[in-house]
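As a plain string of letters, each chain reads:
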Amino acid sequence: MTTWTIRSLLTWARGYFEKKEIDSPRLTAEILIAHALDLRRVQLYLDLDRPLVPEELAKLRALVERRAAGEPMQYIAGALEFYGRKIQVDPRCFIPRPETEHLVERALSALPKGTPDLRALELCTGSGAVAATLACERPQISITAIELSPEAAAVARANSERLAPNRVRILEGDLFSPLTTDERFHVIVANPPYLRRTQKLPRHI
């Protein structure tokens, strides 16, 4: 009877994802195995020869099948790293691309550290990754985030409350519609779905 260890599973999963032409097969294997075992990725390499019990193997097998079927890795793991922080995601919202961190950097450059009474607005907040990150990086500013989808807005609220409690105001509505006419902001950022209505929306934006 074969004894599966973290080491052998990493080797097998990487090879399996390579055959299935899954992007970043090694990284995918590490993330899914770490998620199945409730470990950080670095911990896998500290305990490579640890044997897995049948329940752990069954959980991992289900995760591998989901990824091989095309489900995004971030949805399977329920989170991704964004600007050094864990952002929760699921099918209710789109998955922020790594390039979205550039939007954060541009916004931060316009929001000097230590400057009081600054106000920032994010349109189409989705998971709330940008708004929550701005709140963490600039604790002195007031941040409003707007999202059309109530389901995505719920994800944004969960992320902002976990990362920056009571720091981000989440409003539901289309673009500027939830705002009062007298509201003004020093910085406005947005990363909306920018495809034609006839096109299928991607899972990453």
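As a starting point, this report considers the structure included with it. The numbers attached to residues start from 1 for each chain and follow its sequence in the written order. Thresholds applied to this predicted model are a pLDDT of at least 70 for local features of residues and 80 or more for the giving and counting of side-chain atom pairs; totals over whole chains, interfaces and linings are not thresholded and use all residues. For side-chain calculations, the full set of non-hydrogen atoms in the structure is used, while hydrogens and water are omitted.

Looking at the packing of aromatic side chains
Centres within 6.5 Å make a pair out of two Phe, Tyr or Trp rings, where for Trp the six-membered ring is used; the pair is then stacked when the planes are under 30 degrees apart, edge-to-face when over 60, and tilted otherwise. Per the stated rule, a full pass over the model turns up 3 aromatic pairs. Here tryptophan 4 and tryptophan 12 contribute two aromatic rings whose centre-to-centre distance is 6.3 Å and whose plane-to-plane angle is 75 degrees, an arrangement assigned as edge-to-face. Buried, partly exposed and exposed residues are distinguished by accessible area as a fraction of the type maximum, computed with a 1.4 Å probe on protein chains only: under 20%, between the cut-offs, and over 50%, respectively. The partly exposed category is assigned to tryptophan 4, whose relative accessible area is 30%. When the centroid spacing of 5.3 Å and the interplanar angle of 20 degrees are considered together, the rings of tryptophan 12 and tyrosine 16 count as stacked. In this pair, tryptophan 12 and tyrosine 16 both sit in helix α1 (residues 6-19), 4 residues apart, roughly one turn of the helix. The exposure class of tryptophan 12 is partly exposed, given its relative accessible area of 38%. Grouping aromatic residues by their ring pairs yields a cluster made of Trp4, Trp12, Tyr16 and Phe17. Working definition: helices are DSSP H or I runs of at least four residues, strands are E runs of at least two. Numbering for both runs from the N terminus.

Concerning the pairing of strand β2 (residues 85-88)
DSSP bridges decide pairing: two strands pair if at least two such bridges lie between them. Pairing of strand β1 (residues 79-82) with β2, which is carried by 4 bridges, proceeds in the antiparallel orientation. Residue glutamate 81 lies in a different strand from β2, and its bridge partner there is lysine 86. Counted along the chain from β1 to the antiparallel partner β2, the turn is 2 residues long, and its residue tyrosine 83 has a positive phi close to 55 degrees.

Here we look at helix α2 (residues 25-37)
Look at α2: 18 Å from first C-alpha to last across 13 residues, which is about the 18 Å you get at 1.5 Å a residue. For α2, the full list of buried residues reads Pro25, Thr28, Ala29, Glu30, Leu32, Ile33, Ala34, Ala36 and Leu37. Residues are treated as being in contact if the distance between any of their heavy atoms lies within 4.5 Å. Turning to α2, the residues buried within the fold contact α1, α3 (41-44), α4 (54-68) and α5 (73-77). Backbone geometry just after α2 places aspartate 38 at a positive phi near 60 degrees. The span one expects for a helix is its residue count, reduced by one, times 1.5 Å.

Quick notes on unusual backbone geometry
Residues other than glycine seldom take positive phi values, yet tyrosine 83 does so here, at roughly 55 degrees. With respect to the helices and strands, the residue tyrosine 83 is situated in the loop between β1 and β2. Even without a glycine there, the phi angle at asparagine 166 is positive, about 60 degrees. As for its position among the elements, asparagine 166 is in the loop between α8 (150-163) and β5 (168-172). The exposed category is assigned to asparagine 166, whose relative accessible area is 71%.

Quick notes on the sheet that holds β5
Reading across the sheet, the 4 strands line up as β5-β4-β3-β6 and stay open at both edges, with parallel pairing between neighbours. A strand with exactly one partner marks an edge of an open sheet, and here the two such strands are β5 and β6 (187-190). Neighbour to neighbour, the strand axes of the sheet diverge by 20 degrees on average, direction disregarded. Relative to β6, strand β3 (residues 119-123) runs parallel, the two being bridged by 4 bridges. The partner of leucine 123 across the bridge, within β6, is alanine 190. Here helix α7 (residues 129-137) sits on the sheet in contact with β3, β4 (142-147), β5 and β6, set at roughly 175 degrees to β4. Here, axes are lines fitted to C-alpha atoms. For helices the fit covers the stretch in contact, and angles between N-to-C directions go from 0 to 180 degrees.

Thoughts on the pattern of salt bridges
For this analysis, a salt bridge means a side-chain nitrogen from Lys or Arg found within 4 Å of a carboxyl oxygen belonging to Asp or Glu. Tallied over the entire structure, the rule returns 11 salt bridges. The shortest N-O distance in the salt bridge between glutamate 56 and arginine 50 comes to 2.4 Å. Residue class for glutamate 56 comes out buried when judged on its relative accessible area of 17%. Among the salt bridges present, the one from arginine 119 reaches glutamate 183, with a minimum N-O distance of 3.4 Å. Of this pair, arginine 119 sits in strand β3 while glutamate 183 sits in the loop between β5 and β6, and the two are 64 residues apart along the sequence. Here arginine 119 falls in the partly exposed class, since its relative accessible area comes to 27%. Within this structure, Arg26, Glu30 and Arg41 form a network of salt bridges that share partners.

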